[in-house]
Amino acid sequence: MDLHIESQMPALTPDQALTGWRREFCVELLGDGRARIFTRMVISPSHKAAELQHGVLFHRVGAAFRDLRSCMQAAAGPLRQLVASAVRQQPCRDNLFSAVVYDRQAWERVMEALDHWQRRPHAAARGVAAAPQGPRPALRQLPILSRRSLGAQHGAH
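Residues numbered from 1 in each chain as written. Predicted model: local features only at pLDDT ≥ 70, side-chain atom pairs only at ≥ 80, totals over all residues. Heavy atoms only, no water.

**As for the overall build of the protein chain**
When helices and strands are tallied, the protein chain shows seven helices and six strands. Helices and strands appear in the protein chain in the N-to-C order β-α-β-β-α-β-α-α-β-β-α-α-α. In the protein chain, which comprises 157 residues, the proportion classed as buried is 31%. In the protein chain, 66% of the contacts between residues at least 6 apart in sequence involve partners at least 24 apart. Taken as a whole, the protein chain presents about 10800 Å² of accessible surface, with 55% of it coming from carbon and sulfur. (Helix = DSSP H or I, 4+ residues; strand = E, 2+ residues; numbered from the N terminus. Buried < 20%, exposed > 50% of the residue type's maximum accessible area, 1.4 Å probe, protein only. Contact = heavy atoms within 4.5 Å. Areas by Shrake-Rupley, 256 points an atom, 1.4 Å probe, with all protein chains shown as cover.)

**A look at the environment of Arg 69**
Tracing the sequence through the fold places Arg 69 in helix α3 (residues 68–74). Among the residues examined, Arg 69 registers a relative accessible area of 47% and is labelled partly exposed. For the pair Arg 69 and Ile 37, spaced 32 residues apart in sequence, the C-alpha to C-alpha distance is 10.0 Å. Every residue in contact with Arg 69, bar those within four places of it in the chain, is listed here: Ile 5 and Ser 7.

**Quick word on unusual backbone geometry**
A positive phi angle is found at Asp 32, which is not glycine, with a value near 55°. Of note, Asp 32 is situated in the loop between β2 (22–31) and β3 (34–42). Relative accessible area serves as the criterion here: at 72%, Asp 32 is assigned to the exposed category.

**Quick notes on the nonpolar core**
Across soluble globular proteins, nonpolar side chains show a tendency to be buried alongside one another. The biggest cluster of nonpolar side chains holds 26 residues, and the ones touching the most others in it are Phe 25, Val 27, Leu 29, Phe 65, Leu 82 and Tyr 102. Mapped onto this core, the elements with two or more residues apiece are β2, β3, β4 (56–61), α3, α4 (76–85) and α5 (104–118). No other element matches the six residues that α5 contributes to this core. Leaving out residues up to four positions away in the same chain, Phe 25 has contacts with Ile 37, Phe 38, Thr 39, Leu 57, Phe 58, His 59, Val 61, Phe 65, Leu 68, Met 72, Val 110 and Leu 114. (Core = buried A, V, L, I, M, F, W, Y, C linked by side-chain atoms within 4.5 Å.)

**Re the confidence of the model for the protein chain**
Model confidence for the protein chain is summarised by a mean pLDDT of 79, while 76% of its residues fall at 70 or above. Least confident of the elements in the protein chain is helix α6 (residues 122–125), whose mean pLDDT is 48; most confident is α4, at 94. Considering only residues more than four positions removed or in separate chains, one finds that residues 128–133, a stretch of pLDDT under 50, has two contacts. (pLDDT = per-residue confidence, 0-100.)

**What about the packing of aromatic side chains?**
On inspection of all chains with the given rule, the structure shows one aromatic pair. With centroids separated by 5.4 Å and ring planes inclined at 70°, the aromatic side chains of Phe 65 and Trp 117 adopt a geometry described as edge-to-face. Placement of Phe 65 in the loop between β4 and α3 and of Trp 117 in helix α5 is noted, with a sequence separation of 52 residues between them. The exposure classification of Phe 65 matches that of Trp 117, with both residues buried. Lying across the ring of Phe 38, Arg 36 places its NZ or CZ 3.9 Å from the centre. For the cation-ring pair, Arg 120 lies above Trp 117, with the distance from its terminal atom to the ring centre recorded as 3.7 Å. (Phe/Tyr/Trp six-rings, centres within 6.5 Å; stacked < 30°, edge-to-face > 60°. Lys NZ or Arg CZ within 6 Å of the ring centre and 35° of its normal.)

If you want it as structure tokens, here you go:
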């Protein structure tokens, strides 16, 4: 399998994110076990039929998406299955819109892996061990608040 990874991430400024720009994770299926993996910025959602004519699958990723290689490691198994299943074809009367046939379930697993990877704890993303999640300490009430609540109770009686 031959994966060409373009790890250069397009810069997405906070202003662009607020005005509708977004990033997409893309896999261009070239057939014969080859693919190009990249990210791109778009102002409006891509149209699936138009992209399939080029053999490009895409999935929206968050503005904080920065580590393509780490993300690909998390989705390595489904990506291998997807790329291995891809077959380029010539458009014909029965299939005018898709330049590639691929395992759709493998692509769905890639998208699930991408979503799961994006939702991981931020500490893990930085390589920092997350703090153990034990029982939380009991909250104590501040003395000033307890005096107010006592005064309110006495005034109510």
